[in-house]
Amino acid sequence: METLESDLSELTPTIDIMNGISEDEVIERLAQSGIRVEYAELPRGMWGFYSLEWRLVTLRVGMPHMYRLPTLLHECGHVARMDNGHQCSKVEKAIDEDVALALINPADFKWAETHVGYHTGGIAHELEVPKWVVRAYRRVLLKQMQGAA
Ligand SMILES: [Zn+2]
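Description of the structure in this document.

Procedures and definitions
Residues numbered from 1 in each chain as written. Predicted model: local features only at pLDDT ≥ 70, side-chain atom pairs only at ≥ 80, totals over all residues. Helix = DSSP H or I, 4+ residues; strand = E, 2+ residues; numbered from the N terminus. Buried ≥ 20, exposed ≤ 12 C-beta atoms within 10 Å, placed from the backbone. Contact = placed C-beta atoms within 7 Å. Core = buried A, V, L, I, M, F, W, Y, C linked by C-beta atoms within 7 Å. Domains from an automatic or database assignment. Pairing = 2+ DSSP bridges. Axes fitted to C-alpha atoms, helices over the stretch in contact; angles between N-to-C directions. Parallel < 35°, antiparallel > 145°, perpendicular 65-115°, else oblique. Left-handed = near helix turned anticlockwise from the far one by under 90°. Nonpolar A, V, L, I, M, F, W, Y, C, P; charged D, E, K, R; others polar. Expected span 1.5 Å × (residues − 1).

**What to know about the overall build of the chain**
Part 1 of the reasoning: Counting its secondary structure elements, the chain contains 7 helices and 3 strands.
Part 2 of the reasoning: Counted from the first residue to the last, the chain has its helices and strands arranged as α-α-β-β-β-α-α-α-α-α.
Part 3 of the reasoning: Within the span of the chain, comprising 149 residues, buried residues form 31% of the whole.
Part 4 of the reasoning: For the chain, long-range pairs separated by at least 24 residues make up 54% of all intrachain contacts whose partners lie at least 6 apart in sequence.

Pasting the structure below:
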C-alpha cells in the first residue's frame, strides 16, 4: 500500500472517474486504504463524519438513499485532506463543491433548470441529489462566471 494520500487521490471528486461511481465502489476503495464505513445514529443535522484517528467514516443510519453517495463522497473529501471531524465552513463548502462537480453533469443541470426554473428543491429532485449539492453547484457556476468576468 502506498501512502494514504496517494491512494486516496483517486477518491477526490475533482477527478473525472467519480462520474458514475457507485456507493459500493467508494466503500471498497476506502476499505483498500484501510478505512471502514459504518452506519450509526448521529446528532441532529449531521449526515456523516470522518475520524482520522479511527480511520472510520460514519454515515447517518437510515438516511434517504439519495443522500448516501453524496454524503459518502463528502466524507471522502475529508479523508483525502486527512481532516479529523468537522471543519470550518470554508472547507466544508469547498468539499461540497467538489462533490457537486463530481455528481452533476452540466447538461443535466441546464436541462433541469430549464424545466423547473430557479428552484433548488425542484432541480435537486430532477437530478436526484440533495439540495445542498445543487447549492454547491450554483456556487461553482457563480465562481466561474465571476472568474470569466
Ligand atoms: Zn464535512
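Structure shown, so let's carry the discussion forward.
**Digging into the nonpolar core**
Part 1 of the reasoning: One finds Val99 and Val133 to be the most contacted residues of the largest nonpolar core, which totals 29 residues.
Part 2 of the reasoning: Breaking this core down by element, the ones donating at least two residues are helix H2 (23-32), strand S2 (48-51), strand S3 (56-60), helix H3 (65-81), helix H4 (89-103), helix H6 (120-127) and helix H7 (131-148).
Part 3 of the reasoning: Residue contributions to this core peak at 6 residues, all from H3.
Part 4 of the reasoning: If you count residues domain by domain, this core takes at least three from each of domain 1 (4-87) and domain 2 (104-148).
Part 5 of the reasoning: In contact with Val133, not counting residues within four places along its chain, are Pro70, Val99, Ala100, Leu103, Ile104 and Ala124.

**Re the pairing of S3**
Part 1 of the reasoning: Of all 5 residues in S3, 4 are buried, a share of seventy percent or more.
Part 2 of the reasoning: By the bridge criterion, 5 bridges tie strand S1 (residues 36-40) to S3 in an arrangement that is parallel. Note on S3: the bridge partner recorded for Val37 is Val57.
Part 3 of the reasoning: Where S2 lies against S3, 4 bridges are found, and the strand directions are antiparallel.

**Topic: the environment of Leu56**
Part 1 of the reasoning: With respect to the element layout, Leu56 can be found in strand S3.
Part 2 of the reasoning: For Leu56, a count of 16 C-beta atoms within 10 Å gives the class partly exposed.
Part 3 of the reasoning: For the pair Leu56 and Val79, spaced 23 residues apart in sequence, the C-alpha separation works out to 9.2 Å.
Part 4 of the reasoning: Ignoring anything within four residues of it in the chain, the contact list for Leu56 reads Ile35, Arg36, Glu38 and Ser51.

**Points about the packing of H2 against H3**
Two numbers describe a pair of packed helices, the interaxial angle and the distance between the axes.
Part 1 of the reasoning: Following both chains from N to C, one finds H2 and H3 inclined at 25°, their axes separated by 10 Å at the closest point. As far as their axial angle goes, H3 and H2 are roughly parallel. Here the hand of the crossing between H2 and H3 comes out left-handed. Counting all contacts with H2, which are made through Glu23, Val26 and Leu30, the residues of H3 involved are Arg68, Leu69, Leu72, Leu73, Cys76 and Val79.
Part 2 of the reasoning: Considered class by class, the residues forming the contact of H2 with H3 number 7 nonpolar, no polar and 2 charged.

**Things to note about H7**
Part 1 of the reasoning: Taking 1.5 Å of rise per residue, the 18 residues of H7 would be expected to cover 26 Å, and the 26 Å separating its terminal C-alpha atoms lies within 8% of that figure.
Part 2 of the reasoning: Those residues of H7 not exposed but buried are Trp132, Val133, Val134, Ala136 and Tyr137.
Part 3 of the reasoning: For H7, the elements touching its buried residues are H3, H4, helix H5 (106-116) and H6.

**Quick word on the sheet that holds S2**
Part 1 of the reasoning: Strands sit in the order S1-S3-S2 across an open sheet of 3 strands; the sheet is mixed. Every other strand in the sheet has two partners, leaving S1 and S2 as the edge strands with one partner each. Taking each pair of neighbouring strands and ignoring which way they run, the sheet shows an average axis angle of 20°.
Part 2 of the reasoning: The sheet contacts of H3 involve S2 and S3, and relative to S2 the element is tilted by about 25°.

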